[in-house]
Amino acid sequence: MNAVFYIAAAVAVVATAMVVTRSNVVHALLYLIVSLLAAAVVFYVLGAPFAAALEVIIYAGAIMVLFVFVVMMLNLGADATVQERQWIRPRAWIGPAFLSAVLVGLLIYMLAAGGGGIAAQREVGAKQVGIVLFGPYLLAVELASMLLLAGLVAAYHLGREDGG
Amino acid sequence: MVSLPPTAPLILAIILFALGLAGVLVRRNLVVMLMAIEIMLNAAGLAFIAAGMRWGQADGQILFILILTLAAAEVSVGLAMILRLHYRGEPLDADLTNRLRG
Amino acid sequence: MLWLLWLVPALPLAGFAILFLTAGRLKKPAVAAIGVGSTGLSVVFAFIVTGAFLAAPPAGHAYHEVLWRWIAIGHFTPNVALRLDPLSLIMMLVVTFVGFLIHLYSAEFMEADEGYSRYFAWLNLFMAAMLVLVLAANLLLLYAGWEGVGLCSYLLIGFWYRDPANGRAARKAFIVTRIGDTAFILGIIYLFLSLGTLDIAALMDRARQAWPVGSGMADLAAALLLGGALGKSAQLPLQTWLPDAMAGPTPVSALIHAATMVTAGVYLIARTHVLFMLAPPVQLAVAAVGAATLLLAAFSALNQHDLKRIIAYSTISQIGYMFLALGVGAWTAAIFHFMTHAFFKSLLFLAAGAVMMRIGDEHDIFRMGGLWRRLPVAFLTFLAGAVSLSALPIISAGFYSKDIILLAAWQSGPSGPGLWAAGFVAAFLTALYIFRAVFIVFFGPMHTTPTSRYGWRIVVPLSILSVLALVGGLVETPAWLGGIAAFSNLLAPALPAYRGMAAGSAAQATVMAVDAFIAVFGVTIAYFAFLRRPALVTRLVTAPAARALSRFWLAGWGFDWLYDRVLVRPFVGLARLNRGDVIDAFYSGVAFANCAANKLLSETVNGRLRWYSAWLAAGSLAAIAIMMFA
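Source: prediction; values computed, not measured. (Residues numbered from 1 in each chain as written. Chains lettered and ligands numbered in written order. Predicted model: local features only at pLDDT ≥ 70, side-chain atom pairs only at ≥ 80, totals over all residues.)

K.L.:
I'd like a rundown of the overall build of chain B, residues and numbers included.
P.N.:
Counting secondary structure elements, chain B contains three helices and zero strands. In sequence order, chain B lays out its α and β elements as α-α-α. Out of the 102 residues belonging to chain B, those deemed buried represent 58%. Sequence-distant contacts in chain B: of pairs separated by 6 or more residues, those separated by 24 or more amount to 46%. (Helix = DSSP H or I, 4+ residues; strand = E, 2+ residues; numbered from the N terminus. Buried ≥ 20, exposed ≤ 12 C-beta atoms within 10 Å, placed from the backbone. Contact = placed C-beta atoms within 7 Å.)

Laid out in structure tokens, this is it:
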């Protein structure tokens with residue numbers, strides 16, 4: 001199973017890198033779905049099947065479909081791709097690449113410094129998550145529902161054609 | 001079940017997060033920037049799940065669910081704004097929508 | 001009835017308030033009724049109070065009326081309080097009475113002026129301030145009145161403000177007197193700090209106890225007060241403002257710049273005479289300043305051709321006599337001369353105004369002439385004033401007061417003869433210059449034709465003042481003329497008597513005879529020089545040396561020129577140098593640095609989302625790094 005993890009991790013990293021670098025938005029979107037699916041595999045391997053399912057259903061499913069719809073409505077053509085390519089010049093990468101590299105280095109150093117312990121090899125299933133979610137975290141669930149409602153209202157308001 | 005070093009999934013999360021950050025900083029297309037933000041959020045969720053699994057508890061997954069909710073709300077609002085901009089005939093260029101300039 | 005005292009200054013103040021608040025909406029008869037009526041009532045109450053005071057003098061010959069506490073800061077608790085003693089009684093009577101006559105005169109004189117209401121408002125304010133000055137029981141209230149009359153003087157000199165020259169004259173008067181006022185307020189502060197009170201009576205007592213005669217502290221205090229008196233009374237070296245102050249309406253010159261305000265310095269010194277007696281050097285300086293001023297101004301008056309300026313220089317000269325009297329310790333004589341001077345000098349101004357208003361506001365005496373037949377009222381009253389000013393013996397009030405002053409100067413120790421000589425020469429010059437004006441204005445060929453007629457409001461004040469100018473001196477006569485001493489007896493509780501020689505010595509008689517003679521001599525010379533043989537004078541004046549001297553005197557001994565070079569121009573130059581405000585440069589530098597910093601920082605607020613997120617990331621990185629490594 002370790003191999004599965006590493007393969008999935010490699011896929012996720014490569015797919016994410018492609019998302020960031022592709023100049024065609026639709027391509028980038030597809031790579032993002034791949035990246036999310038790979039992440040779902042990682043979740044499963046780690047022993048969180050419920051999270052993996054949610055990742056597939058909500059992230060790779062619902063949210064990405066939202067993106068697809070929007071890209072479709074934007075009706076981006078070849079011109080957009082060309083323009084996008086012009087925007088992504090090698091020079092534009094210097095700063096962000098440096099920042100990201102520093103971030104990676106710093107966090108991994110921190111991880112190594114903190115280190116220690118073997119991962120608990122125990123599955124935490126949907127039932128267990130549910131019990132905790134609707135037990136001590138009930139308030140958070142309510143807040144999340146409010147957040148979603150606010151998002152819904154805002155999206156509806158902004159999306160109206162005559163609104164403003 | 002696997003017998004991974006506990007740092008492995010965290011390292012994966014870090015790499016994904018850094019890639020997302022680089023995407024936000026490099027890309028000018030608002031849609032792609034939104035996608036890069038999704039990557040970063042997902043990486044954070046991965047880190048939570050990895051940490052939760054380290055202790056064999058459900059809390060990590062619950063936080064992942066909350067992040068998922070946040071991401072959904074954020075994407076819906078963000079995409080609605082992008083559509084609005086598009087309908088007003090403005091380019092989806094983060095550098096041009098700079099009316100917040102001081 | 002003494003408690004009515006507060007009404008005396010309050011009534012003109014009320015008149016001012018009404019006229020000021022109605023802001024010219026009243027009709028002219030109503031304005032005149034309020035303006036003249038308030039001072040008229042003030043005169044009535046002044047006489048009632050005087051009657052009560054004389055009938056039953058209060059304890060210590062001083063009535064103290066506390067109206068309310070003004071300020072209370074620790075031990076500094078000045079009251080708004082009035083004090084009536086013989087000195088302030090005489091001042092009050094003269095100020096209210098002469099002021100009332102001048103108000104009455106103004107009611108007709110200013111009738112055609114559009115600023116009628118404004119004029120009377122300020123005149124009433126002046127009366128109120130002057131009465132506060134005179135009646136104040138402490139130096140702070142006195143100072144308030146002092147500044148009040150200065151303000152009114154400024155407002156009334158610049159009354160016809162449409163002509164910038166009048167505004168300049170007003171500013172000059174204000175600024176020059178302000179120099180003296182600064183010395184005065186410093187003196188007040190110094191007195192309070194060293195003696196702990198500002199109540200004049202208490203102050204004098206404490207000074208007498210705390211300071212020995214000739215102590216440096218008394219010298220300093222007296223010198224500072226003298227500075228204030230010099231500015232207000234237009235004495236050397238602050239005399240330059242008074243001739244220019246003639247830019248105001250003529251009744252204003254009569255009231256403020258002849259009868260009352262300019263003598264405030266004399267009053268101040270008489271009021272604080274204890275300090276001056278403790279400081280002999282300063283008192284000698286008072287006498288010296290007076291002697292120098294009276295000579296200087298008399299010479300200047302000799303050369304003026306503006307009628308009002310002649311009288312203005314004459315005012316400076318006559319106040320010089322009062323200072324001379326104060327300086328030699330003849331306090332009563334100074335106040336006596338103040339009183340007679342108030343009569344004859346306001347009379348001269350009013351008569352001059354009466355002449356000028358009939359001939360189209362002409363000021364130049366050489367364009368007048370031969371007016372005595374056409375303007376008999378103005379001629380007779382001006383003549384009465386001139387007789388009194390030149391102190392013709394026996395028949396004029398000026399003779400009695402000037403006589404005492406000259407006698408006192410003669411007897412005042414080692415410097416006496418010098419002081420007397422100055423006064424003596426000036427007495428000759430006084431007769432000469434004022435009768436020069438009389439002869440040139442009223443005799444000789446006519447150059448102008450008078451128009452219109454006088455109403456009773458001009459004739460009555462002129463007549464009353466003429467009578468007073470001629471017989472007003474009879475309240476105090478020398479021994480050989482009956483020896484009446486009503487005036488000095490009245491003042492005795494407030495001012496120490498003059499400690500001179502006993503009356504009747506041979507030297508004294510000689511001095512008095514010479515003094516009497518010199519005035520007659522001056523008039524005679526004037527008669528020959530300006531009426532019988534004007535060619536002589538013309539030949540004399542056209543000589544080059546004389547012409548230069550004449551121009552020098554005409555310009556008031558070049559003091560204006562000197563002050564302009566020494567004080568005004570350097571100051572204006574400094575102001576020009578500092579136009580950019582050197583000190584401000586530092587503060588605007590701070591502002592500039594802030595603006596620059598703002599510009600720099602607002603460059604970072606460029607509205608670029610990616611720029612913001614990059615800095616956000618960098619900031620987070622820095623925070624993490626600090627957490628880890630620190």
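K.L.:
I'd like a rundown of the overall build of chain C, residues and numbers included.
P.N.:
Assigned secondary structure in chain C consists of 26 helices and two strands. Taken over 630 residues, chain C has a buried fraction of 51%. Considering only contacts within chain C whose residues lie at least 6 apart along the sequence, 80% involve residues at least 24 apart.

K.L.:
I'd like to hear about the interface of chain A and chain B, residue by residue, with values.
P.N.:
On the chain B side, the residues contacting the 75 residues of chain A number 62 residues. If you list the elements that add at least two residues to the side of chain A that touches chain B, you get α1 (2-21), α2 (25-46), α3 (49-74), α4 (78-87), α5 (90-114), α6 (126-133) and α7 (138-159) of chain A. Across the side of chain A that touches chain B, the residue classes tally to 60 nonpolar, 12 polar and three charged. (Nonpolar A, V, L, I, M, F, W, Y, C, P; charged D, E, K, R; others polar.)

K.L.:
Got a sec to walk through the nonpolar core? Specific residues and values, please.
P.N.:
Grouped together as the largest cluster of nonpolar side chains are 221 residues, with contacts concentrated most on Leu-324, Ala-325 and Ala-334 of chain C. Top element by residues in this core is helix α15 (residues 331-358) of chain C. It accounts for 20 residues. Excluding anything up to four places from it in sequence, Ala-325 of chain C contacts Ala-330, Ala-333, Ala-334, His-337, Ile-405 and Ala-408 of chain C. With 85 residues, the next largest nonpolar core counts Val-42 and Leu-54 of chain A together with Val-24 and Ala-47 of chain B among its residues. (Core = buried A, V, L, I, M, F, W, Y, C linked by C-beta atoms within 7 Å.)

K.L.:
Break down the environment of Ala-22 of chain B for me, with residues and values.
P.N.:
Counting through the fold element by element, Ala-22 of chain B comes out in helix α1 (residues 7-26). C-alpha separation for the pair Ala-22 of chain B and Met-33 of chain B, spaced 11 residues apart in sequence, amounts to 9.8 Å. Ignoring sequence-local partners within four residues, the contact set of Ala-22 of chain B consists of Val-20, Pro-96, Ala-97 and Ser-100 of chain A.

K.L.:
Residues and numbers for the packing of helix α1 (residues 7-22) of chain C against helix α4 (residues 116-135) of chain C, please.
P.N.:
Residue and element names in this part refer to chain C. The interhelical angle for the contact between α1 and α4, taken along N-to-C directions, is 155 degrees, at an axis separation of 8 Å. The angle between the axes of α1 and α4 places the two elements in the roughly antiparallel class. Relative to α4, α1 is oriented so that their crossing is left-handed. Between α1, through Val-8, Pro-9, Pro-12, Leu-13, Gly-15, Phe-16, Leu-19 and Phe-20, and α4, the contact on the second element is made entirely by Ser-117, Phe-120, Ala-121, Asn-124, Leu-125, Met-127, Ala-128, Leu-131, Val-132 and Leu-135. The residue makeup of the contact of α1 with α4, split by class, is 15 nonpolar, three polar and no charged. (Axes fitted to C-alpha atoms, helices over the stretch in contact; angles between N-to-C directions. Parallel < 35°, antiparallel > 145°, perpendicular 65-115°, else oblique. Left-handed = near helix turned anticlockwise from the far one by under 90°.)

K.L.:
Could you give me a rundown of unusual backbone geometry, with the residues and numbers involved?
P.N.:
All names here are of chain C. Looking along the chain, the bond that leaves Leu-236 and enters Pro-237 is cis, with omega of 0 degrees. With respect to the helices and strands, the residue Pro-237 is situated in the loop between α8 (216-232) and α9 (241-244). Even without being a glycine, Ala-234 presents a positive backbone phi close to 55 degrees. Mapped onto the secondary structure, Ala-234 falls in the loop between α8 and α9. Its identity as a non-glycine residue notwithstanding, Ala-391 has a phi of 60 degrees, on the positive side.

K.L.:
A description of the pairing of strand β2 (residues 79-84) of chain C should follow, citing residues and the corresponding values.
P.N.:
Two faces, one strand: in a regular strand the side chains alternate between the faces of the sheet. All names here are of chain C. With respect to burial, β2 is a largely interior element, five of its six residues being buried. Taken together, the six bridges between strand β1 (residues 63-69) and β2 define a ladder with antiparallel strand orientation. Among the inter-strand pairings, His-64 is bridged to a residue of β2, identified as Arg-83. (Pairing = 2+ DSSP bridges.)

K.L.:
With reference to specific residues and values, describe the confidence of the model for chain C.
P.N.:
Residues at a pLDDT of 70 or more form 98% of chain C, whose mean pLDDT is 85. Interface scoring of the predicted complex returns ipTM 0.87; its pTM is 0.68. (pLDDT = per-residue confidence, 0-100.)

K.L.:
How would you summarise the environment of Leu-133 of chain A if you had to cite specific residues and measurements?
P.N.:
When you line up the elements, Leu-133 of chain A lands in helix α6. Excluding residues that lie within four positions of it along the chain, Leu-133 of chain A makes contacts with Val-141 of chain A together with Ile-62 and Ile-65 of chain B.

K.L.:
Could you give an account of α1 of chain C, naming the residues involved and the relevant values?
P.N.:
Every α-helix winds through 3.6 residues per turn, so residues three or four apart in the chain are directed the same way. Residues and elements named next belong to chain C. For α1, spanning 16 residues, the distance from its first C-alpha to its last is 22 Å, which sits close to the expected 22 Å at 1.5 Å a residue. Along α1, the residues that are buried comprise Val-8, Pro-9, Leu-11, Pro-12, Gly-15, Phe-16 and Leu-19. Buried residues of α1 fall within an arc of 165 degrees about the axis and therefore sit on the same side. Against the buried residues of α1 lie α2 (28-55), α3 (86-109) and α4. (Expected span 1.5 Å × (residues − 1). Arc of directions from axis to C-beta.)

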